[in-house]
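Residue-level structural notes
One letter stands for each residue in the lines below.
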Amino acid sequence: MATSTTTDRVLNFSAGPGILPEEVLRQVQEDIWNIDGTGMGIMEHSHRAATYDRIIAEAIEDCKKVGTIGDDYEVLFMSGGASAQNHLIPANLLPEGGTADYANTGTWAKKTHAECKVYGTAHLAFDGKATNYKFVPSQADLDFSASPAYFHYTSNNTIMGTQYHYVPEPPLGVPLVCDACSDIFSRPLDVTKYGLIYAGAQKNLGPAGTTVVIIRKDLLERTPRELPTMLRYKVYAESESRPNTPPVFPIYVVGLVFKWILSQGGLGPIAERNAAKAKIIYDAIDATEFYRGHAREDSRSLMNISFTTPSPALDKAFLAEALEAGMDNLKGHRSIGGIRASIYNAFPAEGCETFAQFMREFERRHG
Ligand SMILES: *Cc1c(COP(=O)(O)O)cnc(C)c1O
């Protein structure tokens, strides 16, 4: 893969679509013109021809390598964003009249819980609303229903900046379903604990346009109701995710990102780097009383750091001055305001140092 150094790009703290590894972008630049010496760009290739055969096979294989995913799981590339999974999961896994359990830890978790109600009963095993979504539940906080069809949780809450630092355990035999949009492959993952994991590509894996779904094979056999072809997981599993024309370009880029993760040494080194990166910024928040983190300390996200300065006016000044200094997309989500620094896998450690330095200087000027 080509490598080079950035000179003309800002520090991009976007929560999604997010920053991509520079090596990947350089490779994409080449392949848009002519991939594999075929005389055609990646976007111009048939999804039934040899180049894409290679791309999809490698994407699945590399995903399995990155996540140490066994042959009892399928890796799917679907469309409709992570939001489509809100209905696809109950449609495919929840029996008529059944109950599924959910943990409400913020905006995305709430949306997925709401959609389940179309198909059956959605039981809240935890609701963080009253405590302003400042923390994720501990195992003891989870109050499961009698026999849920599955338990759904959101491993990282992109907006609130909270993250589970353990894998919650549903009752014995109940599949664990995880929305891992904003922290998939940011740390080692024990896939064997899960029935289904999904992530829209645009946070930590690639461009928008495809959603990675890792599903245990036995769950493909659940057919609780008749469903249109394009809504069935099994259809994707049986066709290398190309029952129709797939989003070739985003899947191709995600494939390159998997190769990039492997080139970094895999999830162990990636996780170490992510922890060190987040610490740089949390240390700057904790140094004085000037900045306030949104998340309770034990639930702090290593991917999305949401915080405020002493006032909305200062938040605004912070964003303006940061932009001036080459740091973009730091505005907090409209639902909680303030500032949010998203530091996905591809975000450089030096960028965190630069940002922490900026935070200290801003505080000195305005504190
Ligand atoms: C961004 C996000 C979503 C929604 O993703 P779309 O692909 O836009 O549907 C869902 N869950 C989490 C945790 C997210 O961060």
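If you're wondering where the values come from, they're calculated on a predicted model, not measured in any experiment. (Residues numbered from 1 in each chain as written. Predicted model: local features only at pLDDT ≥ 70, side-chain atom pairs only at ≥ 80, totals over all residues. Heavy atoms only, no water.)

**Some points on unusual backbone geometry**
- In the segment running from glycine 16 into proline 17, the intervening peptide bond is cis, with an omega of -10°.
- With respect to the helices and strands, proline 17 occurs in the loop between strand 1 (11-12) and helix 1 (22-33).
- Phi at phenylalanine 185 takes a positive value of approximately 55°, unusual for a residue other than glycine.
- Here phenylalanine 185 shows up in the loop between strand 8 (176-179) and strand 9 (196-200).
- The exposure class assigned to phenylalanine 185 is buried, which follows from its relative accessible area of 1%.
- One non-glycine residue, asparagine 329, adopts positive backbone phi at about 65°.
- Overall, asparagine 329 belongs to the partly exposed group, its relative accessible area being 39%. (Helix = DSSP H or I, 4+ residues; strand = E, 2+ residues; numbered from the N terminus. Buried < 20%, exposed > 50% of the residue type's maximum accessible area, 1.4 Å probe, protein only.)

**Quick look at the site of the ligand**
- Surveying the vicinity of the ligand reveals the residues Gly81, Ala82, Ser83, Trp108, Thr154, Asn156, Thr158, Asp179, Cys181, Ser182, Gln202 and Lys203.
- Here an oxygen atom of the ligand and a side-chain polar atom of glutamine 202 are 2.8 Å apart.
- Starting from 380 Å² of accessible surface for the ligand in isolation, the protein chains cover 86%.
- Top element by residues in the shell around the ligand is helix 3 (residues 81-93). It accounts for three residues.
- Here the shell around the ligand is composed, by residue class, of three nonpolar, seven polar and two charged. (Near = heavy atom within 4 Å. Polar contact = N/O pair within 3.5 Å; in protein donor to acceptor, adjacent residues only side chain to side chain. Areas by Shrake-Rupley, 256 points an atom, 1.4 Å probe, with all protein chains shown as cover. Nonpolar A, V, L, I, M, F, W, Y, C, P; charged D, E, K, R; others polar.)

**Observations concerning helix 4 (residues 107-116)**
- Among the residues making up helix 4, those that are buried are Ala109, Thr112, His113 and Cys116. Along the axis of helix 4, the buried positions cluster into a sector of 100°, meaning they face one direction only.
- Tucked inside the fold, the buried residues of helix 4 contact helix 3, strand 3 (99-104), strand 4 (121-127), strand 5 (151-154) and strand 9. (Arc of directions from axis to C-beta. Contact = heavy atoms within 4.5 Å.)

**Observations regarding helix 7 (residues 267-286)**
- Taking 1.5 Å as the rise per residue, helix 7 with 20 residues should run 28 Å; its terminal C-alpha atoms sit 28 Å apart, in good agreement.
- In the core, the buried residues of helix 7 are packed alongside helix 2 (50-67), helix 6 (248-263), strand 11 (292-293), strand 12 (304-308) and helix 9 (349-366). (Expected span 1.5 Å × (residues − 1).)

**With respect to the sheet that holds strand 2 (residues 73-78)**
- Strand order in the open sheet formed by seven strands is 2-10-9-8-5-3-4, and the pairing between neighbours is mixed. Here the strands that pair on one side only, and so sit at the sheet edges, are strand 2 and strand 4. Taken over all neighbouring pairs, the strand axes of this sheet differ in orientation by 20° on average, direction set aside.
- In the sheet, strand 9 pairs with strand 10 (residues 211-216) via five bridges, with the strands oriented antiparallel. (Pairing = 2+ DSSP bridges. Axes fitted to C-alpha atoms, helices over the stretch in contact; angles between N-to-C directions.)

**Notes on the pattern of salt bridges**
- Applying the stated criterion across every chain, the model contains 19 salt bridges.
- Residue lysine 234 is joined to glutamate 221 by a salt bridge in which the shortest nitrogen-to-oxygen separation is 3.2 Å. In this pair, lysine 234 sits in helix 5 (residues 233-237) while glutamate 221 sits in the loop between strand 10 and helix 5, placing the two residues 13 residues apart along the sequence.
- The exposure class of lysine 234 is partly exposed, given its relative accessible area of 30%.
- When salt bridges with common partners are traced through the structure, they connect Asp36, Arg54, Glu58, Glu61, Asp62, Lys65 and Lys259 into a single cluster. (Salt bridge = Lys/Arg side-chain N within 4 Å of Asp/Glu carboxyl O.)

**Examining the nonpolar core**
- Counting residues in hydrophobic clusters, the biggest one holds 50 residues, and the most contacted among them are Phe77 and Phe185.
- Residues in contact with phenylalanine 77, not counting those within four places in the same chain, are Ile56, Ala59, Ile60, Thr210, Thr211, Val212, Tyr236, Ser241, Ile251, Val254 and Phe258. (Core = buried A, V, L, I, M, F, W, Y, C linked by side-chain atoms within 4.5 Å.)

**Some remarks on the domain arrangement of the protein**
- When cut into domains, the protein gives domain 1 (11-17 + 265-366) and domain 2 (25-263).
- Between the C-alpha centres of domain 1 and domain 2 there is a distance of 26 Å.
- Across the boundary between the two partners, domain 1 contributes 30 residues, which contact 31 residues of domain 2.
- Among the residues domain 1 hides against domain 2, the three largest losses belong to Leu267, His294 and Ser299. Together they make up 26% of the total.
- Between domain 1 and domain 2 we count zero salt bridges in total.
- Seen at the junction of domain 1 and domain 2, the total is 19 residue pairs in polar contact (both at pLDDT 80 or more).
- Secondary structure elements with two or more residues in the side of domain 1 that touches domain 2: helix 7 and strand 12.
- Counting residues per element, the side of domain 1 that touches domain 2 draws most heavily on helix 7, at seven residues.
- Its residues assigned to classes, the side of domain 1 that touches domain 2 shows 12 nonpolar, 13 polar and five charged. (Domains from an automatic or database assignment. Buried area = accessible area lost by both parts, 1.4 Å probe.)

**Description of the side chain of glutamine 202**
- Considering the arrangement of structural elements, one finds glutamine 202 in the loop between strand 9 and strand 10.
- Leave out the neighbours within four places in its chain, and glutamine 202 touches Gly16, Pro17, Gly18, Pro207 and Ala208.

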